[in-house]
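Secondary and tertiary structure notes
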Amino acid sequence: MDSIRYRQQARQLRQARQQLERLRQQLAAATERAEAATHLYDALPSFIFVFDLPSSSLHYCNRVAETQLGYPAAELRAMGPRVLEVLMPTNEAEGLRRHYSEAETLPDGKLLSFDYTMQHPTGTTRWLRLTSTAYARDAQGYVTQVLSNAEDITRWKIADEQRRSANRRLAEQNRLFRQVIDTVPNLIYLKDRKGNYVLANEATARFYHLSHQELLRATLPELEARFPSMAQYRRQDRQVLSSEQEIDEEAPLTDGQGNIRWFRTVKRPFVLTDGTVQVLGVDNDITELKHTQQALEKAKEVAEQNAQARQNFLTNMSHEIRTPLNGIVGLTGLLAKTPLTNEQQLLLTHAQESADNLLVLINDVLDMAQLGAGRMRLEHVPFDLEQVLRASCQALLPAAADKGISLRLQLPPAGAGPARVLGDPHRLRQVLLNLLGNAVKFTLKGQVLLTYECFNPTSSAPQYRFSVLDTGIGIAPEQLRDLFEPFTQASASTAREFGGSGLGLSISRGLVELQGGQLTASSELGRGSTFRFTLPLAPAPVASPVLPEPAPNYQRLRGYRILLAEDNAVNQLLMQTMLRGWGVVVDTASTGNAALTLFRQHHYAVVLMDIQMPGLDGVATTQLLRQHPDPARAATPVVALTAHAMPGDAEHYRTAGLDGYLAKPFREQALFALLVELLGLTPAADTHRSVQQATPEPAASQPLTPAAGRPPLYSLASIRRLSGNDEVFVRRLVTLFIETTPPAVTRLEQHLRQRQSTELAAAAHFLKSSTDGLQLISLRPVLVALQAVATGATAPDWPELARLVGQVRVTVDEVVRLLQEEFPTQA
């Protein structure tokens, strides 16, 4: 029994040994496999670990945990349930617990993913993507351990976040770009090669009265069918695409509501990354600017019309004043050649000076216009300064003597400054006469004093200060500020009491400033005023002594034949008397057609042509004279004699074919010098052109005088003086006036009834010339108003014109009746 038991035990022992060997071998193989798996897991770049769900701890992890998480595997396993709190924030740990809770029910082979962050001991955060699957189960089949693969996706997460951030920034920039282009009022758009909109701001959509989406969906043919101005856009687009150059144009476009608006369009090529070229356009709405430009152009036209109207007014005023002034100057010149007593000669001198002063007044108004237009030109000639000062004082001595005041010139000591200087003596005299004239006018007692002093006399440009002091009425301080403004006087009472236009001081200031100086004024009310101005006047070089010019030898023109075209009877009389006194044969024509007739019949050395005549004016008549078939006669010198004396007139007349120009009133010497020049006569010439003598004209007519006891409607005094009291000639002139003037009034009335403004003005001009000869002063403003109807800026006031024409008729009829009484018809 023992042996049997022994053998059984021995057999069991062998079996146990064999089983133990098999187990050892299996263990060795498993260990080998485990080591191989460990080596494999440790070689993987991912974090491989087994998480035990019941204990919430790591059961296994590979070596990557040490590099990715910064903890050794043993230390991680030793952390037990705290491992999640150590490795990640609380919220991430909660998320991982939920992940493992879901993994408890995972079927075999099912994967569950989860992204989370873990904290590295260095403080950095790493993103891991966890993929889990069931690893071990309990007896009930529940998952107890989970095998997880944690892939480090930190770089991908960073790149993804960067991409997302870039996309967000790009989206923000796109929104910003969109808001910017939608905010601006300009039309901003991008169009493809077919002309379709691929981008457009809200302003562009509003322009077409479409929504933004409708505009982008619309094709070019659809837009062109609705908006004809798109054809212009297509042309611009093609130009940009073909030339690949920017264009900049202004053009009108029609919007979606049919309104025409102006745009400045700038288009340029826009190249995409694939090389495709599109058209980028920006349209700036310049409609208001265009309207403003049009308004400015219209305002400019109106301003030019106003300037022209002012120029016409000044021209007409110059003509109206110069015409009678020409008679005054001519009559006094002729009267000076007759025997006179000393008293008569003195009175005649005063009359001539008055005419000169009136001419200065005319020139003042014209100077004001030239100063305002910047057309004033200064001379730069040598002159004797003290001589100009003395002449200025002497011109006003009679006026001062009449008022019983003293007018003195106080000169500095000899050698205080150059005696002769360079400058404009005429403008200096004009300023002095203005200031001295005002001083005399406003001084009731006391004196007026003119002084000057020279600063730095040895320099190349000494400064001179001129002072005009008076003991007159003075000027209030508050009125000094505007004293130099045009048409301004100290007060309304001053203007009423002393008269004047208020232009003198304004012109004086302009002339002084034009010469580089400054004019100032100081005054004390009731005690007088002081006007001072400074001028830079360079010393003049020493001049050679100049012998006085000999008196003109008017007889050098004896025998020449001259045609005078002049419609004014008084001017005809003056010119005929003057020229015949020189021995000249004069033929007279009152119209352009009459002048042409005489010109064809006779050979003339010179033609003296009045510019403003009825029918053909002087310029038109001259152009017809130039068409004579004989070239020598067609080249006959023609001189314009006119009361127009505006800047540019001389050049205008020369361009029109006239050879010379004299503004009325002119001096006898000026006409003689011009004729000598045109005829090519040298100072030593003694020979004269022989011409056929014409039949002498009748003796010159003389002025009418009012009948005794009648109102002074007319005056014959000047005509009687001119004709030497030749009553035969006076009667002839009166008879001529009685025969020609009433029919002229009838023509005036006829033009009024037919409302012919141009013909009415011409008839008034003719009547004014006739009535001026008899000095019908009361009719002058009436006829001037009638003459201005042709150049008025507004429509004629026909009722007012009818009243004026009626006044002319009444006055002329009364004058004719008085003349018939004074000069009854002889049996």
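Turning our attention to the confidence of the model for the protein. When pLDDT is averaged across the protein, the result is 79; 83% of the residues are at 70 or more. For the stretch residues 487-501, pLDDT sits under 50, and the model shows 24 contacts to residues farther than four places along the chain or on other chains.

Now for helix H27 (residues 780-787). All buried positions along H27 are accounted for by Arg-780, Val-782, Leu-783, Leu-786 and Gln-787. Along the axis of H27, the buried positions cluster into a sector of 160°, meaning they face one direction only.

Another point: the pattern of salt bridges. Taken as a whole and assessed by the stated rule, the structure comprises 23 salt bridges. Its salt-bridge partner being Glu-386, residue Arg-390 comes within 3.7 Å of it at the nearest N-O pair. Taken together, the positions of Arg-390 and Glu-386, both in helix H13 (residues 385-403) and four residues apart, correspond to about one turn of that helix. Note on Arg-390: relative accessible area 40%, which makes it partly exposed. Arg-465 is the partner of Glu-453 in a salt bridge, and the nearest nitrogen-oxygen pair spans 2.3 Å. One end of the pair, Glu-453, is in strand E14 (residues 447-455); the other, Arg-465, is in strand E15 (residues 463-470), and 12 residues separate them in sequence. Of the residues examined, Arg-465 reaches a relative accessible area of 29% and is grouped as partly exposed.

Here helix H10 (residues 230-243) is 14 residues long and its end C-alpha atoms lie 20 Å apart, about the 20 Å a rise of 1.5 Å per residue gives. Taken together, the buried positions of H10 are occupied by Met-230, Tyr-233, Gln-236, Asp-237, Val-240 and Leu-241. What you see down the axis of H10 is that its buried residues fit within an arc of 130°, all on one side. Residues of H10 that are exposed and angled more than 90 degrees away from the buried face: Arg-238 and Ser-242. Buried residues along H10 sit against strand E6 (187-191), strand E7 (197-200), helix H9 (220-226), strand E8 (247-254), strand E9 (260-271) and strand E10 (277-285). Note on H10: the residue one or two positions beyond its end, Glu-244, has a positive phi of about 55°.

On the surface, Arg-7, Arg-11, Arg-14 and Arg-17 cluster together into a patch of positive charge. By the element assignment, Arg-14 lies in helix H1 (residues 2-43).

We now examine unusual backbone geometry. Residues other than glycine seldom take positive phi values, yet His-209 does so here, at roughly 60°. For His-209, a relative accessible area of 51% translates into the label exposed. Not every positive phi belongs to a glycine, and Arg-755 is a case in point at roughly 55°. With respect to the helices and strands, Arg-755 occurs in the loop between helix H25 (727-753) and helix H26 (757-773).

The subject of this paragraph is the environment of Leu-253. Turning to its location among the elements, Leu-253 is positioned in strand E8. Between the C-alpha atoms of Leu-253 and Ser-229, which are 24 residues apart in sequence, the distance is 5.7 Å. Leaving out residues up to four positions away in the same chain, Leu-253 has contacts with Phe-207, Ser-229, Gln-232, Tyr-233, Asn-259, Ile-260, Arg-261, Phe-263 and Asp-283.

What follows concerns the side chain of Arg-427. Take Arg-427: it is sitting in helix H14 (residues 425-441). Side chain to side chain, Arg-427 and Gln-430 meet in a polar contact 2.7 Å long.

Let's shift gears to the packing of aromatic side chains. Applying the stated criterion across every chain, the model contains 13 aromatic pairs. Judged by centre distance (6.2 Å) and plane angle (65°), the rings of Tyr-197 and Tyr-208 are edge-to-face. With Tyr-197 in strand E7 and Tyr-208 in the loop between helix H7 (202-207) and helix H8 (212-217), the pair connects residues that are 11 residues apart, well separated along the chain. For Tyr-197, a relative accessible area of 3% corresponds to the buried category. Relative to Trp-582, the ring of Tyr-554 lies with its centre 5.0 Å away and its plane at 10°, an arrangement referred to as stacked. Separated by 28 residues along the polypeptide, Tyr-554 in the loop between strand E18 (538-539) and strand E19 (561-565) and Trp-582 in the loop between helix H18 (569-581) and strand E20 (585-589) bring together distant segments of the chain. We note that Tyr-554, like Trp-582, is buried. The ring centre of Trp-127 lies 4.4 Å from the NZ or CZ of Lys-157, which sits over that ring. Positioned above the aromatic ring of Phe-599 is the side chain of Arg-633, whose terminal nitrogen or guanidinium carbon lies 5.8 Å from the ring centre.

One way to put it is that helix H19 (residues 592-601) packs onto helix H20 (residues 618-625) with a least axis distance of 9 Å and a crossing angle of 25°. For the element pair H19 / H20, the angle class is roughly parallel. Here the hand of the crossing between H19 and H20 comes out right-handed. Each of Gly-592, Ala-595, Leu-596 and Phe-599 in H19 lies in contact with H20, whose residues at this interface are Thr-621, Leu-624 and Leu-625. Looking at the contact of H19 with H20 residue by residue, the classes come out as five nonpolar, two polar and no charged.

Definitions and cut-offs
Residues numbered from 1 in each chain as written. Predicted model: local features only at pLDDT ≥ 70, side-chain atom pairs only at ≥ 80, totals over all residues. Heavy atoms only, no water. pLDDT = per-residue confidence, 0-100. Contact = heavy atoms within 4.5 Å. Buried < 20%, exposed > 50% of the residue type's maximum accessible area, 1.4 Å probe, protein only. Helix = DSSP H or I, 4+ residues; strand = E, 2+ residues; numbered from the N terminus. Arc of directions from axis to C-beta. Salt bridge = Lys/Arg side-chain N within 4 Å of Asp/Glu carboxyl O. Expected span 1.5 Å × (residues − 1). Patch = residues over 30% accessible without salt bridge, like charges linked within 9 Å, V, L, I, M, F, W, Y side chains within 5 Å. Areas by Shrake-Rupley, 256 points an atom, 1.4 Å probe, with all protein chains shown as cover. Lys, Arg positive; Asp, Glu negative; His and termini not counted. Charge placed at Lys NZ, Arg CZ, Asp CG, Glu CD. Polar contact = N/O pair within 3.5 Å; in protein donor to acceptor, adjacent residues only side chain to side chain. Phe/Tyr/Trp six-rings, centres within 6.5 Å; stacked < 30°, edge-to-face > 60°. Lys NZ or Arg CZ within 6 Å of the ring centre and 35° of its normal. Axes fitted to C-alpha atoms, helices over the stretch in contact; angles between N-to-C directions. Parallel < 35°, antiparallel > 145°, perpendicular 65-115°, else oblique. Left-handed = near helix turned anticlockwise from the far one by under 90°. Nonpolar A, V, L, I, M, F, W, Y, C, P; charged D, E, K, R; others polar.

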